[in-house]
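Each chain, written out:
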Amino acid sequence: MKPVLKWAGGKSRLAGQIAEVFEGRCEGTYFEPFLGSAAVYLHLRARGLVGPAVLSDANAKLVEVHRAVQQRVDDVLAELERLPGEDWRERYYDIRESYNEGPFVGPAHAARLLWLNRAGYNGLYRENRQGRFNVPIGRYARLSLPDAAHFQRVSSLLEGAEIYHASFEDVMARAGGRDQVYCDPPYVPLTATACFTGYCGSPFGLVQQRRLAAIAREAALKGARVVLSNHDLPLVRDELYPSAQGFRHVARPRVARSISRGRRGRVAEVIAAIGPIQEVQAA
Ligand SMILES: C[S@@+](CC[C@H](N)C(=O)[O-])C[C@H]1O[C@@H](n2cnc3c(N)ncnc32)[C@H](O)[C@@H]1O
């Protein structure tokens, strides 16, 4: 089941491979702390591989879309109906403006973000320093949004899930025995950048990558199975998720990715897994 949102780094195409790494149904709670479009959760839930779930992301405006689709899908559909169709090109910047005025909660907010996600350039979600969405208009022949049946199906797959605005640390601390956790953080960059190494206010640099690896191991020691995606780089395999600490590198899918402006290439990704680690092993 495809998500209703397009999201940078979305895992629709890799969801089947990620599901295999979990090696079976989740008998406890499923956690996905870097939810994005929810592609992996929707795949697992549609196949009956997960039940109770805790879904979260640090982007509050995105989280409110998932909540609205979960709890008020008919209202979201009604709000989408009010947004431009044929004349979408002429109205793009007006809708972007009204989105930025808020409020950032409820069906009208969700509909505006979903609409901008389809009408904006490449489905990007980007904000300026003032927190204003600033993606320019997309180059599409026509505006195409998911249909009502698709929204209803996604809504029913989200039923019962706990959906939070949170940073990964807060949510992952809850994971333990029989739980499964899928982590899809912003990736380590392919080339070293000042932001990543900590010379600018990067929100997800090396410090966060290391903290995530440590928290994944803690959850594994409590009995959870944790699966993580990242770029397949020596830093990731050997320093962040080393075999010596119990990480397995179970797959190396290659996906077409935009590497830099206008340039596409094939970038290797690694899917790492850890846990459950038995106490005797941990000693
Ligand atoms: C690669 S995307 C996840 C894509 C997702 N797997 C999908 O299929 O759409 C990474 C996500 O991590 C979120 N994020 C960034 N920093 C975070 C943090 N500290 N804690 C939780 N989520 C964070 C971003 O908002 C973004 O949605």
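Each value, and the rule that gives it
- Residues numbered from 1 in each chain as written.
- Predicted model: local features only at pLDDT ≥ 70, side-chain atom pairs only at ≥ 80, totals over all residues.
- Helix = DSSP H or I, 4+ residues; strand = E, 2+ residues; numbered from the N terminus.
- Buried ≥ 20, exposed ≤ 12 C-beta atoms within 10 Å, placed from the backbone.
- Near = placed C-beta within 6 Å.
- Nonpolar A, V, L, I, M, F, W, Y, C, P; charged D, E, K, R; others polar.
- Contact = placed C-beta atoms within 7 Å.
- Domains from an automatic or database assignment.
- Core = buried A, V, L, I, M, F, W, Y, C linked by C-beta atoms within 7 Å.

Engineer: Before we move on, could you go through unusual backbone geometry and cite the residues and values that matter?
Structural biologist: A cis amide bond, omega 0°, links Gly102 with the succeeding residue Pro103. By secondary structure assignment, the location of Pro103 is in the loop between helix H5 (88–101) and helix H6 (107–119). The omega torsion of the bond from Gly275 to Pro276 falls at -5°, within 30 degrees of zero and hence cis. Tracing the sequence through the fold places Pro276 in the loop between strand S8 (263–274) and helix H12 (279–282). The residue Ala38 is not glycine, and still its phi comes out positive at about 75°. For Arg178, which is not glycine, the phi torsion reads 70° and is therefore positive. By the element assignment, Arg178 lies in the loop between helix H8 (168–172) and strand S4 (180–183). Judged by local crowding, Arg178 falls into the partly exposed class, with 13 C-beta atoms found within 10 Å.

Engineer: Explain the site of the ligand residue by residue, including any values.
Structural biologist: Within the structure, the ligand sits among 20 residues, and Gly9, Gly36, Ser37, Ala39 and Ala58 are positioned closest to it. Of the residues in the shell around the ligand, the class split is 11 nonpolar, 6 polar and 3 charged.

Engineer: Quick one: what's the story with helix H2 (residues 39–46), residue by residue and with numbers?
Structural biologist: In terms of residue burial, H2 counts as a mostly covered element, since 7 of its 8 residues are buried. Of all the positions in H2, only Ala39, Val40, Tyr41, Leu42, His43, Leu44 and Arg45 are classed as buried. Those residues of H2 hidden inside the fold are in contact with helix H1 (15–22), strand S1 (30–32), strand S2 (53–57), helix H7 (148–158) and S4. Backbone geometry just downstream of H2 places Gly48 in the positive-phi region, at approximately 70°.

Engineer: Quick one: what's the story with the domain arrangement of the protein chain, residue by residue and with numbers?
Structural biologist: Partitioning the protein chain into domains gives domain 1 (15–58 + 166–282) and domain 2 (69–152). Computed from C-alpha atoms alone, the centre-to-centre distance between domain 1 and domain 2 is 29 Å.

Engineer: Kindly report on the nonpolar core, identifying the contributing residues and their values.
Structural biologist: Counting 70 residues, the largest nonpolar core has Val69, Leu114, Val181, Cys183, Ala216, Ala219 and Val226 as the members making the most contacts within it. By residue number, the principal contributor to this core is H6, which donates 8 residues. Both domains that furnish three or more residues to this core are identified here as domain 1 (15–58 + 166–282) and domain 2 (69–152). Ignoring anything within four residues of it in the chain, the contact list for Cys183 reads Pro33, Phe34, Phe168, Leu212, Ala216, Val226 and Leu228.

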